[in-house]
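Okay, here's what each chain looks like letter by letter:
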Amino acid sequence: FSRVMFEAWMCKKPVVVNKDCAATFKALQDAGDAGWAAQDKDEFANVFSMISSAHDDEFVRKGQNGLAYAHKHCSWDKVIATYTDIFAASVTSQ
């Protein structure tokens, strides 16, 4: 799981992930149209070629989609609340 990916989304930046990384690829799929994915050098070359000719509105749309997903699932408040719940459950189960 890549915190850097979510930090990029929090800055409204789309991301490029490796399809072989299950965590980042799943997050990208769940986020909707929030970046690009590639699996091998040819796919990465194609993705970066598309990026180099993409219009600004595509970057804005993908960045906004990533931001919405990041806010919903991985804001620091959400992360802290999740850890607090885990710690509280472990204390009460002992």
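As shown above, the structure is provided for reference.
The present account deals with the structure reproduced in this document. All of these numbers come straight from a predicted model, not from anything done at the bench. (Residues numbered from 1 in each chain as written. Predicted model: local features only at pLDDT ≥ 70, side-chain atom pairs only at ≥ 80, totals over all residues. Heavy atoms only, no water.)

Structural notes on the pattern of salt bridges
A side chain of one charge can pair with a side chain of the opposite charge if their charged atoms are brought near each other. Counting across every chain of the model gives five salt bridges. A salt bridge links Lys62 to Glu58, with the nearest nitrogen and oxygen atoms 4.0 Å apart. Placement of the pair is Lys62 and Glu58 together in helix α4 (residues 56–74), with a separation of four residues, close to one helical turn. Bridged by salt links that share partners, the residues Asp33, Glu58, Arg61 and Lys62 form one connected network. (Salt bridge = Lys/Arg side-chain N within 4 Å of Asp/Glu carboxyl O. Helix = DSSP H or I, 4+ residues; strand = E, 2+ residues; numbered from the N terminus.)

Here's the deal with unusual backbone geometry
A positive phi angle is found at Lys12, which is not glycine, with a value near 60°. Classification of Lys12 by relative accessible area gives partly exposed; the value is 44%. (Buried < 20%, exposed > 50% of the residue type's maximum accessible area, 1.4 Å probe, protein only.)

Digging into the state of the cysteines
Taken as a whole and assessed by the stated rule, the structure comprises zero disulfides. Cys11 takes part in no disulfide bond, and the closest cysteine sulfur to it belongs to Cys74, at a distance of 14 Å. Not part of a disulfide, Cys21 finds its nearest cysteine sulfur in Cys74, a span of 14 Å. For Cys21, a relative accessible area of 31% translates into the label partly exposed. (Disulfide = S-S within 2.5 Å.)

Here's the deal with helix α2 (residues 22–31)
Within the sequence span of α2, burial applies to Thr24, Ala27, Leu28 and Ala31. Each buried residue of α2 sits inside an arc of 100° when the element is viewed along its axis, so together they form one side. For α2, the exposed residues lying more than 90 degrees away from the buried face are Ala22 and Gln29. If you follow the buried residues of α2, they end up packed against α1 (3–10), β1 (15–18), β2 (35–38) and α4. The positive-phi residue at the C-terminal boundary of α2 is Gly32, with phi of around 85°. (Arc of directions from axis to C-beta. Contact = heavy atoms within 4.5 Å.)

Concerning the environment of Gly35
Tracing the backbone shows Gly35 in strand β2. Remark: the alpha-carbon pair of Gly35 and His73, spanning 38 residues in sequence, is separated by 17 Å. Sequence-distant contacts of Gly35, that is, excluding residues within four places in its chain, are made with Pro14, Val15, Leu28 and Lys62.

Quick look at the packing of α1 against α4
Contact pair α1 / α4: the axes reach a minimum separation of 7 Å and the direction vectors enclose 120°. Viewed along their axes, α1 and α4 adopt a mutual orientation that is oblique. Handedness of the crossing formed by α1 with α4: left-handed. Mapping the contact onto sequence places Arg3, Phe6, Trp9 and Met10 in α1 and Gly63, Gly66, Leu67, Tyr69, Ala70, His71 and Cys74 in α4. By residue class, the composition of the contact of α1 with α4 is seven nonpolar, three polar and one charged. (Axes fitted to C-alpha atoms, helices over the stretch in contact; angles between N-to-C directions. Parallel < 35°, antiparallel > 145°, perpendicular 65-115°, else oblique. Left-handed = near helix turned anticlockwise from the far one by under 90°. Nonpolar A, V, L, I, M, F, W, Y, C, P; charged D, E, K, R; others polar.)

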